[in-house]
Amino acid sequence: NAGVMQNPRHLVRRRGQEARLRCSPMKGHSHVYWYRQLPEEGLKFMVYLQKENIIDESGMPKERFSAEFPKEGPSILRIQQVVRGDSAAYFCASSQHPQGGGTEAFFGQGTRLTVV
Amino acid sequence: GENVEQHPSTLSVQEGDSAVIKCTYSDSASNYFPWYKQELGKGPQLIIDIRSNVGEKKDQRIAVTLNKTAKHFSLHITETQPEDSAVYFCAGDTGANNLFFGTGTRLTVIP
């Protein structure tokens, strides 16, 4: 049973370009979460999705950031017109049930985005 | 909203000694408290968790204690080994379907 798969592992974008980060949850998991981690800091919640639905996007910037989890395929975190401040590690986690119910969440290896 | 504070930010111990990391939280509605270990360049790995109906949980060299009244929980690692060196994060659920993380503790086990 493969774990949470994220790709790419590393992504370099010039300012103004778009970044697309992909996450395939663990088999049997329908709940996906995206977190951002700045260097030497903890993880900050961005968005929580179930298949085809955004449940909670309270941690996601209102502009330039969007997320989706289509019926088929991976979840996508999309950052438009990237700026240097977007440089961070972005982690995806998945769980079998909502985290609010005390369900274990498993993380992927992350995508390290560098904006130059 | 939830706020999780974690101490210390760095911790160095001799191999074989014990390590203790402490966290406090603010949201009395939180019921689930996982601990994650993150090695350099990798994603966080769940190592142990505890729910609010339990005061202590052990898994080999790792134990977690929870005091709901005081709103704090701790990670205890006994007989530390060099491979325990990593950054450890505590977290609490927010009741809003996500986790709120502490700022991390960088543990170094000196051989």
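Shown above is the structure to which this text applies.
### Quick look at the pattern of salt bridges
Then comes step 1: On inspection of all chains with the given rule, the structure shows eight salt bridges over all chains.
Then comes step 2: Between B:Lys37 and B:Glu39 there is a salt bridge, and its shortest N-O distance comes to 3.9 Å.
Then comes step 3: B:Asp49 serves as the salt-bridge partner of B:Arg51, at 3.9 Å between the closest nitrogen and oxygen.
Then comes step 4: We classify B:Arg51 as partly exposed; its relative accessible area is 29%.
Then comes step 5: Connected through salt bridges with shared partners, the residues A:Glu18, A:Arg20 and A:Arg78 form a single ionic network.

### Thoughts on the packing of aromatic side chains
Then comes step 1: Tallied over the entire structure, the rule returns 12 aromatic pairs over all chains.
Then comes step 2: Geometrically, the ring pair formed by A:Tyr35 and B:Phe101 is edge-to-face, given 5.5 Å between the ring centres and 85° between the ring planes. Highlighted residues: A:Tyr35 in strand E4 (residues 31-37) and B:Phe101 in strand E10 (residues 99-101), drawn from two different chains. The residues A:Tyr35 and B:Phe101 share a single accessibility class, namely buried.
Then comes step 3: Judged by centre distance (4.8 Å) and plane angle (45°), the rings of B:Phe33 and B:Phe73 are tilted. Taken together, the residues B:Phe33 in strand E4 (residues 32-38) and B:Phe73 in strand E8 (residues 72-77) connect sequence positions 40 residues apart.

### Structural notes on the side chain of A:Ser95
Residue and element names in this part refer to chain A.
Then comes step 1: Inspection of the secondary structure puts serine 95 in strand E9 (residues 88-95).
Then comes step 2: Serine 95 sits in the buried class, given a relative accessible area of 0%.
Then comes step 3: Of the polar contacts made by the side chain of serine 95, one reaches the side chain of tyrosine 33; its length is 2.9 Å.
Then comes step 4: Ignoring sequence-local partners within four residues, the contact set of serine 95 consists of His29, Ser30, His31, Tyr33, Thr103, Glu104 and Ala105.

### Considering the state of the cysteines
Then comes step 1: Scanning the entire structure with this criterion turns up two disulfides over all chains.
Then comes step 2: The disulfide that involves A:Cys23 links it to A:Cys92, with 1.8 Å between the sulfurs. Looking along the S-S bond of the A:Cys23-A:Cys92 disulfide, the torsion reads about -55°, which is the left-handed sense. With A:Cys23 in strand E3 (residues 19-24) and A:Cys92 in strand E9, this residue pair connects regions lying 69 residues apart in the sequence.
Then comes step 3: In this model, B:Cys23 is linked to B:Cys90 through a disulfide, with the two sulfur atoms separated by 1.9 Å. Residues B:Cys23 and B:Cys90 are joined through a disulfide that is left-handed, its torsion about the S-S bond being -95°. Of the two residues, B:Cys23 is situated in strand E3 (residues 19-25) and B:Cys90 in strand E9 (residues 86-93); the sequence distance between them amounts to 67 residues.

### A word on the interface of chain A and chain B
Then comes step 1: With 25 residues of chain A at the interface, the matching set in chain B holds 20 residues.
Then comes step 2: Across the chain A/chain B interface, buried area totals approximately 1700 Å², and carbon plus sulfur atoms make up 51% of it.
Then comes step 3: Between chain A and chain B we count zero salt bridges in total.
Then comes step 4: One can count five residue pairs in polar contact (both at pLDDT 80 or more) joining chain A with chain B.
Then comes step 5: Broken down by secondary-structure element, the contributors of at least two residues to the side of chain A that touches chain B are E4, strand E5 (43-50), strand E6 (53-56) and strand E10 (106-107) of chain A.

### Quick word on the sheet that holds E8(B)
All names here are of chain B.
Then comes step 1: With antiparallel pairing, the five strands of this open sheet are ordered in space as E1-E3-E8-E7-E6. This sheet does not close on itself; its edge strands, each paired only once, are strand E1 (4-7) and strand E6 (56-59). Taken over all neighbouring pairs, the strand axes of this sheet differ in orientation by 15° on average, direction set aside.
Then comes step 2: Pairing analysis gives four bridges linking E1 to E3, with the strands arranged antiparallel. Note on E3: the bridge partner recorded for valine 4 is tyrosine 25.

### Re the sheet that holds strand E7 (residues 65-68) of chain A
Residues and elements named next belong to chain A.
Then comes step 1: Taking strand neighbours across the sheet as the criterion, the four strands line up as E1-E3-E8-E7 in an open arrangement whose pairing is antiparallel. Looking at which strands have only one partner, the edges of the open sheet turn out to be strand E1 (5-7) and E7. Geometrically, the sheet is characterised by an average inter-axis angle of 15° between neighbouring strands, direction not taken into account.
Then comes step 2: Examined bridge by bridge, E3 and strand E8 (residues 75-79) share five bridges and lie antiparallel to one another. By the bridge assignment, alanine 19 is partnered in E8 with isoleucine 79.

What counts and how
Residues numbered from 1 in each chain as written. Chains lettered and ligands numbered in written order. Predicted model: local features only at pLDDT ≥ 70, side-chain atom pairs only at ≥ 80, totals over all residues. Heavy atoms only, no water. Salt bridge = Lys/Arg side-chain N within 4 Å of Asp/Glu carboxyl O. Buried < 20%, exposed > 50% of the residue type's maximum accessible area, 1.4 Å probe, protein only. Phe/Tyr/Trp six-rings, centres within 6.5 Å; stacked < 30°, edge-to-face > 60°. Helix = DSSP H or I, 4+ residues; strand = E, 2+ residues; numbered from the N terminus. Polar contact = N/O pair within 3.5 Å; in protein donor to acceptor, adjacent residues only side chain to side chain. Contact = heavy atoms within 4.5 Å. Disulfide = S-S within 2.5 Å. Buried area = accessible area lost by both parts, 1.4 Å probe. Pairing = 2+ DSSP bridges. Axes fitted to C-alpha atoms, helices over the stretch in contact; angles between N-to-C directions.

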